[in-house]
Amino acid sequence: MHESPNPEAPSFAALPDLASRALAGSVVYANDELFAQRENLITPGRAVFSTEDFGHKGKVYDGWETRRRREDGHDWAIVRLGVPGVVRGVDIDTSWFKGNYPPHASVEAASFEWHPSDAELESADWVTLVEKSPLKGDTDNYFDVTDERRFTHVRLSIFPDGGVARFRVHGEPVPDPRFLTGTVDLAGLENGGAVVDCSNMFYSSPTQILLPGRARIMGEGWENARRRDGGNDHVTVALAAPGLVRRIEVDTSYFVGNAAGWARLSGVNEATGNVDDPSTWEELVPKTRLQPDTRHFFRVSSSAPVTHVRLDVYPDGGLARLRINGEVDEAALHAAVVRWLELLPESHAVQVLTSGAGLSAAEAEALVGKRPFGEGAVPDEVVTALLDN
């Protein structure tokens with residue numbers, strides 16, 4: 001089952017949780033976790049609580065909890081985002097922490113080229129996303145973020161100590177375009193794919209079918225309500241970038257008596273067709289019978305790059321995963337590199353241009369100084385060098 005949406009949640013809460021363990025996020029450091037381990041912060045789903053669950057260190061909480069401080073200072077945890085991106089808002093969820101939640105918290109972010117050591121994390125240039133702000137206990141504490149840069153790590157600081165059940169970092173995935181070459185999953189959430197329309201999400205979110213890896217249970221896929229009106233359900237995915245579709249996978253794993261009966265897939269390029277007019281869409285896979293608990297593969301040869309793919313299921317039913325494998329259009333890949341360079345913090349952008357494109361420090365700083373980039377501001381040879389290295 002999916003989490004029941006909070007009717008009071010801000011709009012950014014509908015965006016992917018970039019920190020989630022489901023996207024391979026990780027809590028790489030915490031200065032203290034005596035009562036409850038740091039990894040709980042990014043566990044999918046709401047925190048649970050049992051009044052009888054005690055351990056040798058005290059009450060067991062489904063969250064991160066530090067000891068009571070007897071000296072000055074504060075506690076913190078650092079999360080490596082599963083998918084780097086632009087953070088639009090955070091949720092510091094203190095569910096079940098009533099007399100032991102932190103009175104205040106702040107959130108900072110940093111950007112790294114690869115995988116930093118503890119020393120590199122400590123000496124990083126951390127940028128404030130959320131100033132030190134008051135928290136309430138046993139509730140979702142939402143904070144908007146306005147910084148437009150792309151980050152790879154976030155640091156949650158609590159003042160002075162206490163417990164946090166979940167830490168959600170909602171935002172827009174911005175993958176490293178150097179890894180979008182060759183055949184990739186154009187619909188993958190980790191590559192920038194996103195659900196933009198869905199007819200029904202009664203049992204679970206359709207975004208789950210774009211998650212990396214295999215589903216482990218039925219609840220990790222998309223399941224709609226039973227239809228009684230003669231229609232059919234559907235979901236539309238905006239691809240990470242315009243691309244040529246080569247292979248599609250429709251996976252009904254773990255859906256046995258409630259799998260979709262048939263499926264049809266079609267695609268459109270928003271530059272030449274109308275996303276809102278189905279008659280302009282190209283059929284990629286004709287209506288085909290599906291089997292329960294099965295991975296179905298279809299070879300496809302799209303005639304032109306598509307930007308959106310629509311999956312129709314008949315009449316209803318569940319899916320575990322949807323993969324749209326293909327190659328990113330060359331012009332779109334070039335544009336993705338330019339956008340990525342625009343969104344990187346300055347020091348990270350300079351590092352990329354010197355180590356990956358062969359520019360001198362002065363040349364890299366001069367190019368970064370031209371942001372936001374206009375037409376042709378980033379030379380083709382720079383983009384090519386970055387994609388080749």
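Let us look at the structure shown here. (Residues numbered from 1 in each chain as written. Predicted model: local features only at pLDDT ≥ 70, side-chain atom pairs only at ≥ 80, totals over all residues. Heavy atoms only, no water.)

1. Some words on the overall build of the protein chain
Keep this limit in mind: Here a strand is any run of E in DSSP of at least two residues, a helix any run of H or I of at least four, and the numbering for each starts at the N terminus. The size measure is the radius of gyration over C-alpha atoms, and the globule rule it meets is 2.2 Å times the number of residues to the 0.38 power. Only protein chains enter the area calculation, which uses a 1.4 Å probe; residues under 20% of their type maximum are buried, those over 50% are exposed, and those in between are partly exposed. In this description, contact between two residues means that some pair of their heavy atoms is separated by no more than 4.5 Å. Per-residue accessibility takes into account occlusion by the displayed protein chains alone, with areas from the Shrake-Rupley method and a 1.4 Å probe. His is not counted here, nor are the chain ends, while Lys and Arg score as positive and Asp and Glu score as negative. Where a charge sits is defined by one atom per residue type, namely NZ (Lys), CZ (Arg), CG (Asp) or CD (Glu).
The number of helices and strands found in the protein chain is five helices and 19 strands. Taking 389 residues into account, the globule formula puts the C-alpha radius of gyration at 21 Å, and the protein chain, at 23 Å, falls close to it. Considering only C-alpha atoms, the protein chain reaches an extent of 65 × 60 × 30 Å along its principal axes. Residue burial in the protein chain is summarised as follows: out of 389 residues, 51% are buried. Contacts in the protein chain between residues at least 24 apart in sequence constitute 79% of all its contacts with a sequence separation of at least 6. Of the roughly 18,300 Å² of accessible surface on the protein chain, a fraction of 49% belongs to carbon and sulfur atoms. The protein chain carries 38 positive and 58 negative side-chain charges, and their two centres are separated by 6 Å.

2. Topic: the pattern of salt bridges
Using the following cut-off: For this analysis, a salt bridge means a side-chain nitrogen from Lys or Arg found within 4 Å of a carboxyl oxygen belonging to Asp or Glu.
Throughout the structure, instances matching the rule amount to 24 salt bridges. One salt bridge connects glutamate 33 with arginine 38, and the closest N-O pair in it is separated by 3.6 Å. For glutamate 33, a relative accessible area of 30% gives the class partly exposed. A relative accessible area of 18% places arginine 38 in the buried class. Aspartate 229 is the salt-bridge partner of arginine 227, the closest N and O atoms lying 2.8 Å from each other. Classification of arginine 227 as partly exposed rests on a relative accessible area of 24%.

3. With respect to the layout of surface pockets
Heads up, the rule is: Cavity means a closed set of points on a 1 Å grid over the protein atoms alone, one where a 1.4 Å probe fits but cannot get out, pocket means an open set with protein on both sides within 12 Å along at least 5 of 7 lines, and lining means a residue has an atom within 4 Å of a point. Grid points are joined across faces, edges and corners, and a volume is the space filled by probe spheres set on the points. Residues are grouped as follows: nonpolar covers Ala, Val, Leu, Ile, Met, Phe, Trp, Tyr, Cys and Pro; charged covers Asp, Glu, Lys and Arg; every other residue, Gly included, is treated as polar.
A volume near 510 Å³ is recorded for the second largest pocket. When contributions to the lining of the second largest pocket are tallied by element, the ones reaching two or more residues are β5 (75-93) and β9 (150-159). Residue contributions to the lining of the second largest pocket peak at five residues, all from β5. Its residues placed into classes, the lining of the second largest pocket shows nine nonpolar, six polar and six charged.

4. Regarding the environment of valine 145
Looking at the element boundaries, valine 145 is found in the loop between β8 (140-144) and β9. Those residues in contact with valine 145 that sit more than four places away from it in its chain are Val87, Arg88, Gly89, Val90, Leu129 and Val130.

5. A word on helix α5 (residues 380-388)
So the rule is basically this: Starting at the helix axis, one direction is taken to each C-beta atom, and the arc is that of these directions.
Turning to α5, its buried residues are Val382, Val383, Ala385 and Leu386. Considered in projection along α5, the buried side chains sweep an arc of 160° and stay on one side of the axis. Residues of α5 that are exposed and point over 90 degrees away from its buried face: Glu381 and Asp388. Each element contacted by the buried residues of α5 is listed here: α2 (330-343) and α3 (346-356).

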